[in-house]
Amino acid sequence: MKKAGIDPAPQRADRSWSRFLTAQAQGIIAVDVLHVDTVFLRRLFVLFFIEHGTRRVHIAGVTRNVTAE
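Attention here is on the structure that accompanies the text.

1. Topic: the overall build of the chain
Now for step 1: When helices and strands are tallied, the chain shows 2 helices and 3 strands.
Now for step 2: Secondary structure elements in the chain, listed N-terminal to C-terminal, are α-α-β-β-β.
Now for step 3: Put simply, of all contacts in the chain between residues at least 6 apart along the chain, 6% involve residues at least 24 apart.
Now for step 4: In the form shown here, the chain has an accessible surface area of approximately 6600 Å², with 57% of it arising from carbon and sulfur atoms.

Structure below.
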């Protein structure tokens, strides 16, 4: 491309992580597990997904035992 005199596209020149995440936010989904302790001292585990583009949280499941089916 250099031999043909074509410069790089402007969005490719900036390699910052925040710009990349902003451009790709619609396609990024993060997953995590958290635990919640109830008033009866029982621990619940929550599996959830976060859509970065819309910042929506989707709860996939809640269980008392993470190794159980």
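2. Notes on the environment of I59
Now for step 1: The topology assignment puts I59 in strand β3 (residues 56-63).
Now for step 2: For the pair I59 and F48, spaced 11 residues apart in sequence, the C-alpha to C-alpha distance is 4.3 Å.
Now for step 3: Setting aside residues up to four positions removed in sequence, I59 forms contacts with V46, L47 and F48.

Calculation criteria
Residues numbered from 1 in each chain as written. Predicted model: local features only at pLDDT ≥ 70, side-chain atom pairs only at ≥ 80, totals over all residues. Heavy atoms only, no water. Helix = DSSP H or I, 4+ residues; strand = E, 2+ residues; numbered from the N terminus. Contact = heavy atoms within 4.5 Å. Areas by Shrake-Rupley, 256 points an atom, 1.4 Å probe, with all protein chains shown as cover.

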